[in-house]
Amino acid sequence: MIKVLLFGAAADRAGTRETELPVEDVSTLAEVWPLLAERHPDLAPMRDTLAFAVNGEYARGNDGVSPGDEIAVLPPVSGG
Amino acid sequence: MIKVLLFGAAADRAGTRETELPVEDVSTLAEVWPLLAERHPDLAPMRDTLAFAVNGEYARGNDGVSPGDEIAVLPPVSGG
Amino acid sequence: MFAIVEESLDVGALIQAAQRPDCGAIATFVGTTRIDESEGAAVEYLEYEAYRPMADRKLEEIGAEIEGRWDVRRVSIVHRLGRVDPGEASVVIVVAAARRGPAFEASRYAIERIKEVVPIWKREVWSDGYVWVGSQVGTRDQVSGNR
Amino acid sequence: MFAIVEESLDVGALIQAAQRPDCGAIATFVGTTRIDESEGAAVEYLEYEAYRPMADRKLEEIGAEIEGRWDVRRVSIVHRLGRVDPGEASVVIVVAAARRGPAFEASRYAIERIKEVVPIWKREVWSDGYVWVGSQVGTRDQVSGNR
């Protein structure tokens, strides 16, 4: 399995802070989004504002995803 | 009389922090310097670095000076 | 020192820890909760959350960036999580340097970078609902995500 | 609050007094005694003197200049006189504003103006003599006034 963490507005829209995806369905980060948006349709409108991290570092769509990885869904940060 | 206060390096070079000048000898700020430099020759080399205040405000050579005024001899400020 | 904490921030202690005989300048930035008002409602408090430990590491990276760009001797960044009431500090940045120029520039850089890259989010809790800052998602009528 | 004092400065208290619910940013500058070294000697402490009450009034004028130029809600400047040991604070500037841009700019402006117009002078007391900063007058061999 691949763990997916959601934060801030993304957790709010998804109605959850954490979910899991079956590893056989994803090999790159880009493949994660359609599965997430299908499970949590309220997330879909946020797509263009989101960034993603794999194992605690910002990642892009063609970055690989492996079993045991932790993916984070990051809305625009607003610390400070 | 006119009171003259000296600060920092100017007090140091003059060897005093305060002196008085007879009022009849000065009517503008410009007339103060020659009297001071005569009394305190070690001040003379500092002339170009000094600013002056009359009654607590920066003043220029042609500003007037009257009995009871307080003149301050101000080396380059170095607060902070 | 880089830290993300749950409790209130002791600004004085953070500055005191940066007072060093090899430094002549300490520039500090404190971010505080401001009561904003609109449409007859007001912000009651802010609530922060973070993705940790990524957020901790990003603070350290900002510190390393600063040390690579400016001659500074000590950089501290502490960010608070959870509820932060009006006037209270959510973030404190302290930069000590031999001279003031680098201290000022680095402290400004630190807050700008925090707002760009550190995975921390704030929710404004208003008298009439909440909104996630930056996403405009929430329960207030004014929030675009609700329209 | 604008003050010139003889005792040590409580930076934390000055910042705390600037934490207000109508402000989101506090920029602070603390000037501290730095141990400089040259020609085998070192600065042991600084000693400040002021022309008062002109110096007090000039601090207030700087505060008024800042309030005329930036949207800030509170400006405090406190300068210490007398002996200030290494690492100790000689000046504290605290600017609180709704937003961080004006707070940063105003705090920088304050220290630059202090160094331009406020009649305060500092003497560096070295292990081998003293020098009035800015005038290069003193008892050290390196001082031009002694050559």
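In this text the structure is predicted, and so the values were computed from the model without any measurement. (Residues numbered from 1 in each chain as written. Chains lettered and ligands numbered in written order. Predicted model: local features only at pLDDT ≥ 70, side-chain atom pairs only at ≥ 80, totals over all residues. Heavy atoms only, no water.)

Observations concerning the relation of the copies chain D and chain C
Note on the identical chains: chain D maps onto chain C by a rotation of 180° and an axial translation of 0.0 Å, with an RMSD of 0.0 Å. Expressed as an axis order, the relation between the two copies is that of a two-fold axis. For chain D, the minimum C-alpha distance to the rotation axis belongs to Gly12(D) and amounts to 1.8 Å. (Least-squares fit on C-alpha atoms with pLDDT ≥ 70 in both.)

Focus on the sheet that holds strand E3 (residues 51-54) of chain A
All names here are of chain A. Spatially, E2-E1-E5-E3-E4 is the arrangement adopted by the 5 strands of the open sheet, whose pairing is mixed. Single-partner strands in this sheet number two, and they are strand E2 (18-21) and strand E4 (57-59). Taken pair by pair, the neighbouring strands of this sheet meet at an average axis angle of 30°, ignoring direction. Here helix H2 (residues 32-39) sits on the sheet in contact with strand E1 (2-6), E2, E3 and strand E5 (70-74), set at roughly 125° to E2. (Pairing = 2+ DSSP bridges. Helix = DSSP H or I, 4+ residues; strand = E, 2+ residues; numbered from the N terminus. Axes fitted to C-alpha atoms, helices over the stretch in contact; angles between N-to-C directions. Contact = heavy atoms within 4.5 Å.)

Quick word on the interface of chain D and chain C
Every contact between the two is made by 34 residues of chain D and, on the other side, 34 residues of chain C. For the pair chain D and chain C, the two sides together bury roughly 2700 Å², of which 56% comes from carbon and sulfur. Summed over the three residues of chain D that lose the most area to chain C, namely Arg34(D), Arg100(D) and Phe104(D), the buried surface amounts to 25% of that side. If you look at where chain D meets chain C, you find 2 salt bridges. Its salt-bridge partner being Arg100(C), residue Glu112(D) comes within 2.7 Å of it at the nearest N-O pair. For the interface between chain D and chain C, the tally reads 15 residue pairs in polar contact (both at pLDDT 80 or more). Of all the elements in the fold, those that place two or more residues in the side of chain D that touches chain C are helix H1 (11-16), strand E2 (25-32) and helix H3 (100-117) of chain D. Tallied by class, residues from the side of chain D that touches chain C come to 15 nonpolar, 10 polar and 9 charged. (Buried area = accessible area lost by both parts, 1.4 Å probe. Salt bridge = Lys/Arg side-chain N within 4 Å of Asp/Glu carboxyl O. Polar contact = N/O pair within 3.5 Å; in protein donor to acceptor, adjacent residues only side chain to side chain. Nonpolar A, V, L, I, M, F, W, Y, C, P; charged D, E, K, R; others polar.)

Topic: the interface of chain B and chain D
Each partner contributes to the interface: chain B provides 22 residues, whereas chain D provides 28 residues. Summed over both partners, the interface of chain B with chain D buries about 2000 Å², with 52% contributed by carbon and sulfur atoms. The largest share of the area that chain B buries against chain D comes from Val77(B), Ser78(B) and Gly80(B), three residues that together contribute 30% of it. Viewed at the interface, chain D and chain B are joined by 2 salt bridges. Glu57(B) is the partner of Lys58(D) in a salt bridge, and the nearest nitrogen-oxygen pair spans 2.9 Å. Where chain B meets chain D, there are 19 residue pairs in polar contact (both at pLDDT 80 or more). Every element with two or more residues in the side of chain B that touches chain D is listed here: helix H1 (8-14), strand E4 (57-59) and strand E5 (70-74) of chain B.

So, the pattern of salt bridges
In total, this model carries 32 salt bridges over all chains according to the counting rule given. The closest approach of N and O atoms between Arg113(C) and Glu65(C), which form a salt bridge, is 3.0 Å. Placement of Arg113(C) in helix H3 (residues 100-117) and of Glu65(C) in helix H2 (residues 54-69) is noted, with a sequence separation of 48 residues between them. A salt bridge links Arg140(D) to Asp128(D), with the shortest nitrogen-to-oxygen separation between them at 2.6 Å. You can see Arg140(D) sitting in the segment after strand E10 (137-138) and its partner Asp128(D) sitting in the loop between strand E8 (120-126) and strand E9 (129-132), a full 12 residues away along the chain. Its relative accessible area of 4% is what places Arg140(D) among the buried residues. (Buried < 20%, exposed > 50% of the residue type's maximum accessible area, 1.4 Å probe, protein only.)

A few points about the packing of aromatic side chains
Going through the model one piece at a time under the given rule, you end up with 10 aromatic pairs over all chains. With a centroid separation of 5.1 Å and 15° between ring planes, the pair formed by Phe104(C) and Phe29(D) is classed as stacked. With Phe104(C) in helix H3 and Phe29(D) in strand E2, this pair bridges two chains. Under the relative-accessibility criterion, Phe104(C) is labelled buried at 7%. Judged by relative accessible area, Phe29(D) falls into the buried class, the value being 3%. Among the aromatic side chains, those forming a connected cluster through ring pairs are Phe7(A), Tyr51(C) and Trp121(C). When the ring centre of Tyr130(C) is taken as reference, the NZ or CZ atom of Arg123(C) above it lies at 4.6 Å. (Phe/Tyr/Trp six-rings, centres within 6.5 Å; stacked < 30°, edge-to-face > 60°. Lys NZ or Arg CZ within 6 Å of the ring centre and 35° of its normal.)

Brief notes about the arrangement of the chains
Considering every one of the 3 pairs of chains in contact, the largest contact total is recorded for chains C and D. Between chain B and chain C there is no contact, and the shortest C-alpha to C-alpha distance separating them is 10 Å. The two partners chain A and chain D share no contact, and the minimum distance between any of their C-alpha atoms is 10 Å.

A look at the sheet that holds strand E1 (residues 2-5) of chain D
Strand order in the open sheet made by the 8 strands is E1(C)-E5(C)-E7(C)-E2(C)-E2(D)-E7(D)-E5(D)-E1(D), with mixed pairing throughout. In this open sheet, the two edge strands, each paired with only one partner strand, are strand E1 (2-5) of chain C together with E1 of chain D. Mean inter-strand twist for the sheet, computed between neighbouring axes without regard to direction, equals 10°. Helix-sheet contacts for H3(C) involve strand E2 (25-32), strand E5 (72-80) and strand E7 (89-97) of chain C together with E2 of chain D, and the interaxial angle to E7(C) is about 150°. The sheet contacts of H3(D) involve E2 of chain C together with E2, strand E5 (72-80) and strand E7 (89-97) of chain D, and relative to E7(D) the element is tilted by about 150°.

Topic: helix H2 (residues 32-39) of chain B
All names here are of chain B. The set of residues buried in H2 consists of Val-32, Trp-33, Leu-36 and Ala-37. Axial view of H2: buried residues confined to an arc of 120°, hence all on one face. Looking at the buried side of H2, the elements it contacts are strand E1 (2-6), strand E2 (18-21), strand E3 (51-54) and E5. (Arc of directions from axis to C-beta.)

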